[in-house]
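Structural characterization, general
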Number of protein chains: 2
Amino acid sequence: MPAETEAALVRAVDSAHRHEALFSDRAANIKQSAVRDVFDISIRPGLVSLAGGSPYLRSLPLKELGDTAQQIIAEHGLEALQYGGGQGMEKLRQQICEVMAAEGITDADPADLVVTTGSQSAQDVAAKVFCNPGDVILCEDPTYVGALNTFEAYQVDVQAVAMDDDGLVPEALQQRIDELQSEGRTIKALYTIPSFNNPSGITLKASRRQVIVDICKKHNILVLEDNPYGLLRFDGKPLTPLREGNPDDVIYLGSFSKIFAPGVRLGWALVPKHLHRRFYLACEAVVLCPSPLTQMLVSAYLSDYDWLGHLETTRALYSERCSTMLSALAQHLPASATWTRPDGGFFIWVTLPEGIDTYPLLYKAIDAGVVFIPGAAFTPSDAPSNKLRLAFSAVSSEDIVTGIERLAPILQEAIASNRA
Amino acid sequence: MPAETEAALVRAVDSAHRHEALFSDRAANIKQSAVRDVFDISIRPGLVSLAGGSPYLRSLPLKELGDTAQQIIAEHGLEALQYGGGQGMEKLRQQICEVMAAEGITDADPADLVVTTGSQSAQDVAAKVFCNPGDVILCEDPTYVGALNTFEAYQVDVQAVAMDDDGLVPEALQQRIDELQSEGRTIKALYTIPSFNNPSGITLKASRRQVIVDICKKHNILVLEDNPYGLLRFDGKPLTPLREGNPDDVIYLGSFSKIFAPGVRLGWALVPKHLHRRFYLACEAVVLCPSPLTQMLVSAYLSDYDWLGHLETTRALYSERCSTMLSALAQHLPASATWTRPDGGFFIWVTLPEGIDTYPLLYKAIDAGVVFIPGAAFTPSDAPSNKLRLAFSAVSSEDIVTGIERLAPILQEAIASNRA
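Residues numbered from 1 in each chain as written. Chains lettered and ligands numbered in written order. Predicted model: local features only at pLDDT ≥ 70, side-chain atom pairs only at ≥ 80, totals over all residues. Heavy atoms only, no water.

Brief notes about the relation of the copies chain A and chain B
If you rotate chain A by 180° and push it 0.0 Å along the axis, it lands on chain B with an RMSD of 0.0 Å. One copy is carried onto the other by what is essentially a two-fold rotation axis. Relative to the rotation axis, the closest C-alpha in chain A is found at A:Gln70, a distance of 2.6 Å. Of all interface residues in chain A, 100% are interface residues in chain B too; the two copies therefore contact each other through one and the same surface. (Least-squares fit on C-alpha atoms with pLDDT ≥ 70 in both. Contact = heavy atoms within 4.5 Å.)

What to know about the interface of chain A and chain B
Listed as interface residues are 92 residues of chain A and, on the opposing side, 92 residues of chain B. Of the roughly 8,100 Å² buried where chain A meets chain B, counting both sides, 58% is carbon and sulfur surface. If you look at where chain A meets chain B, you find six salt bridges. Put simply, A:Lys128 and B:Asp124 hold a salt bridge, and the shortest N to O gap is 2.6 Å. Linking chain A to chain B there are 45 residue pairs in polar contact (both at pLDDT 80 or more). Listing elements by their share of the side of chain A that touches chain B, those giving two or more residues are α1 (3-19), α4 (62-80), α6 (118-130), β6 (187-192), α10 (273-287) and α11 (292-304) of chain A. (Buried area = accessible area lost by both parts, 1.4 Å probe. Salt bridge = Lys/Arg side-chain N within 4 Å of Asp/Glu carboxyl O. Polar contact = N/O pair within 3.5 Å; in protein donor to acceptor, adjacent residues only side chain to side chain. Helix = DSSP H or I, 4+ residues; strand = E, 2+ residues; numbered from the N terminus.)

Quick notes on the domain arrangement of chain A
All names here are of chain A. Splitting chain A by domain gives domain 1 (28-60 + 309-419) and domain 2 (82-304). For domain 1 and domain 2, the distance between their C-alpha centroids amounts to 25 Å. Across the contact, 33 residues belong to domain 1 and 32 residues belong to domain 2. For the pair domain 1 and domain 2, the two sides together bury roughly 2,700 Å², of which 65% comes from carbon and sulfur. A per-residue breakdown of the area domain 1 buries against domain 2 is headed by Arg315, Phe378 and Pro380, which together make up 22% of the total. Scanning the region where domain 1 abuts domain 2 turns up seven residue pairs in polar contact (both at pLDDT 80 or more). (Domains from an automatic or database assignment.)

Some words on the pairing of strand β3 (residues 136-141) of chain B
Residue and element names in this part refer to chain B. Of all six residues making up β3, five are buried, and the element is well covered by its neighbours. Inspection of the sheet shows β3 paired to strand β4 (residues 157-164) by six bridges, in the parallel sense. Its bridge partner being in β4, Glu140 is matched across the sheet by Val161. With helix α7 (residues 145-152) bridging β3 and the parallel β4, this β-α-β connection has right-handed handedness. (Buried < 20%, exposed > 50% of the residue type's maximum accessible area, 1.4 Å probe, protein only. Pairing = 2+ DSSP bridges. Right-handed = clockwise from strand over helix to strand, strands pointing away.)

Things to note about the environment of B:Gly201
Residue and element names in this part refer to chain B. Relative to the helices and strands, Gly201 resides in the loop between β6 (187-192) and α9 (206-218). Taking the C-alpha atoms as reference points, Gly201 and Val114, separated by 87 residues in sequence, lie 27 Å from one another. In this view, Gly201 contacts Phe196, Pro342, Asp343 and Phe347; residues no more than four positions away in its chain are not counted.

Regarding unusual backbone geometry
Along the chain, A:Asn198 connects to A:Pro199 via a cis peptide bond; the corresponding omega equals 20°. The residue A:Phe196 is not glycine, and still its phi comes out positive at about 55°. Here A:Phe196 lies in the loop between β6 and α9 (206-218). Located in the positive-phi region is B:Leu288, a residue other than glycine, with phi close to 65°.

With respect to the sheet that holds strand β11 (residues 347-351) of chain A
All names here are of chain A. Judged by pairing direction, the sheet is antiparallel, and its four strands sit side by side in the order β10-β11-β14-β13 without closing on themselves. The open sheet terminates on both sides in strands that have one partner only, identified here as β10 (338-339) and β13 (373-374). Sheet topology places β11 next to strand β14 (residues 387-391); five bridges connect them, and they run antiparallel. Looking across to β14, one finds that Val350 is bridged to Leu388. The strands touched by helix α12 (residues 307-332) within the sheet are β10, β11 and β14, with β11 carrying the most contacts at an inclination of about 15°. (Axes fitted to C-alpha atoms, helices over the stretch in contact; angles between N-to-C directions.)

What about the pairing of strand β9 (residues 267-270) of chain B?
Residue and element names in this part refer to chain B. Covered by surrounding structure in β9 are Gly267 and Ala269 together with Trp268 and Leu270, the residues of both alternating faces. The pairing of strand β2 (residues 113-116) with β9 spans four bridges and is classified as antiparallel. Counted as the bridge partner of Val114 is Ala269 from β9. Here strand β8 (residues 250-255) runs beside β9; their pairing, made up of four bridges, is antiparallel. Bridge pairing links Leu253 to Ala269 in β9.

A closer look at the packing of α4(A) against helix α4 (residues 62-80) of chain B
Two quantities define a packed helix pair, namely the angle between the axes and the distance from one axis to the other. The contact between α4(A) and α4(B) brings their axes to 7 Å, and the two run at 160°. Between α4(A) and α4(B), the angle falls in the class roughly antiparallel. α4(A) and α4(B) meet at a crossing whose hand is right-handed. On the side of α4(A), the interface is formed by A:Leu62, A:Lys63, A:Leu65, A:Gly66, A:Asp67, A:Ala69, A:Gln70, A:Ile73, A:Ala74, A:Gly77 and A:Leu78, while α4(B) contributes B:Leu62, B:Lys63, B:Leu65, B:Gly66, B:Asp67, B:Ala69, B:Gln70, B:Ile73, B:Ala74, B:Gly77 and B:Leu78. (Parallel < 35°, antiparallel > 145°, perpendicular 65-115°, else oblique. Left-handed = near helix turned anticlockwise from the far one by under 90°.)

With respect to the pattern of salt bridges
Taken as a whole, this structure holds 32 salt bridges over all chains when the rule is applied. Through salt bridges that share partners, A:Asp14, A:Arg18, B:Lys217 and B:Asp249 make up one connected network.

Some details on the packing of aromatic side chains
Here the structure, examined in full by the defined rule, presents 25 aromatic pairs over all chains. Plain terms: the ring middles of B:Phe256 and B:Trp268 are 4.9 Å apart, the flat faces sit at 55° to each other, and that makes the pair tilted. Here B:Phe256, found in the loop between β8 and β9, pairs with B:Trp268, found in strand β9; they are twelve residues apart in sequence, far enough to count as distant. These aromatic residues form a ring-pair network of at least three members: A:Tyr229, A:Tyr318, A:Phe346 and A:Phe347. The side chain of A:Arg278 reaches across the aromatic face of B:Phe23, ending 4.4 Å from its centre. (Phe/Tyr/Trp six-rings, centres within 6.5 Å; stacked < 30°, edge-to-face > 60°. Lys NZ or Arg CZ within 6 Å of the ring centre and 35° of its normal.)

Notes on the environment of B:Leu65
The residue B:Leu65 is located in helix α4 in this model. In this structure B:Leu65 touches A:Ile73, A:Leu81, B:Leu60, B:Phe260, B:Leu297, B:Tyr301 and B:Tyr305, once residues within four positions along its chain are discounted.

A short note on the UniProt feature "domain: Aminotransferase class I/classII large" (unreviewed entry) in chain A
Taking the UniProt record as the reference, the feature "domain: Aminotransferase class I/classII large" (unreviewed entry) is found at residues 61-407 of chain A. As annotated, residues 61-407 of chain A has a helix share of 45% and a strand share of 16%, and its two end C-alpha atoms lie 34 Å apart. (UniProt positions renumbered as here; feature names shortened; annotations may be inferred.)

Okay, structure coming up:
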């Protein structure tokens, strides 16, 4: 090694050592998401990825959307490429109210909205605005890994509450609140994905929805309702969100990532009037403003395109892919494995017999040419999990069958070894 | 009032009262930026806004950029509109290294970059990853209001260090560090805008640059170098950034907002190798990924357009506007006012005699048809300030003259009352 290179290395090691003391306490809580972990792997050619929850985009009219973007920049470039307002454009906020009306929220006011850089950014701001280190956010067991990472980055103690096939169990919620409060813990919010939960695909049944809100309200706990998949119900109308009828007690998070395109990085938060200003200012402090360019593209998409028609197309496609995956699971998986039967969304949640840890199986699966997300990613505990998440949204039916065929022997072997 | 409306109001007030207890301690620190405060006002027709630091976009080839966006979506829409990697696209990261080379950074590695949602988002993440409540970040006096808001949202104690006409004063920095460390305070970083500081327009002279880094290094303080205006030097080559030669001790923040367009919401952080992973994961936890669509637009702009030529054009324009503003100030302002003479960037910093508070003058100025940002916004203290920031970047020379003509009588009157 040349002396110069060696000296540079010594300096770098010295800096690393000195700087270790500079990290914040919360930095120790900032960790890699298992989903993002396999992001690079899952785009390898030849691999079937049942990992990422990417939406299907091939049915979007890309040529026409390109023309729309062309017009926006050529004719309104001075607005689209400039700084915009921190709350998001008024026209888009009005249109978001129409989207929410389609989801069943009838009284949204554009003034109570903040357009965010994806729904993820709204989760980050919620934790920032409401949680001191050690405060509790309740969530479903299992829940979205990205929310877990975001909350934990603020040293939030995320506590999981049991679900059954009808979603979050009200009695379990009540019990967990009682336990935590008797320990003197401060519970700030319930984070819930009531429709087609990520990762389980389970939906909170209608009759439980107001019960859940009422329990939270009684204990002065905010409801943080994350509903990116609400409009992606395979059959029938969307289930009414928890926000409807509870404008003062629910912060509602929506996203264009699943109903249009993640690449625009736009979501929104509908915030109770009395909480809106601080929420909005916190958003502004992080990004100044959402991109006017992508806001204008989404706005044009909502006004000039048959976005509900596209939704219809993708819902039918997701429904078909879900059926294909369910059939493939039934055909190839042993009887001791069980799985959910979602009414919408992107995901199926597979449960293997107790004692199996799905995390080491991921590497075997990658060798076999298929990727999934191990269940441990979706709970706040680091304990091994016998579950795994399979996404059917972005994979052709043919690839779904191939993927399950590749996965099945690995699961079978794990089940056999577990018995032995 | 109908009984129903009244009942709803009572419920809302009750919720507001109950929910007040839910805010985090840091939420009390989240406040409106004075710049954003006047954002809506400044776009009123007829008003001359010398407030916002918006770049000049009219010289961008909007028609061609529209065509480029058209091609990106029509031909690569499945990539542009989908989720992307959290670190940003590799091609763009390579191009950013070329941009930094033009700024004088010769050894940047694309692997050490994170593409962020504007530079603002990188400031947010820096505070998150490095600062516990009560930790100190040092900054220039004055400094960027957005950084102040972002740092204070993490309960960082931001401490200002004196500048003179050659930028941050090394002796003042050393003294402030000694004072704070003797009080047992933990200083995590120096946040500095060394070239054409926002709001003062002052540049840290070359001979002080390594001295500043060495002082910080000796005391184990990271340097957070924010350099959005570095390439906007009116004459001659950009000054070498503090990062050059100090790869292990400086986090370098760049932005496309000033050299291309803010509407794409893209900036970057070049992070020392040993700090990169946590920084990157924290970025990912906030936004998952920067927009692939706007990344591809910027990437195409850098590869297919004469971006250095555009920079040349805007530099000449900003230089001319700056001269116009300096002449107008000399012509219209009384002798007791002084101001800076920037070598680049967007801003001139005006100092009125001591005892004058420029904040109440803002409302008089708005009535007179001109907007500026009062100086108090740019220091961590809430004390009244006799300074004000004037931006010349986004205003025609004609409007600059009109704006100063409208502003001058208000400042003159304030100076006269102050004497009386």
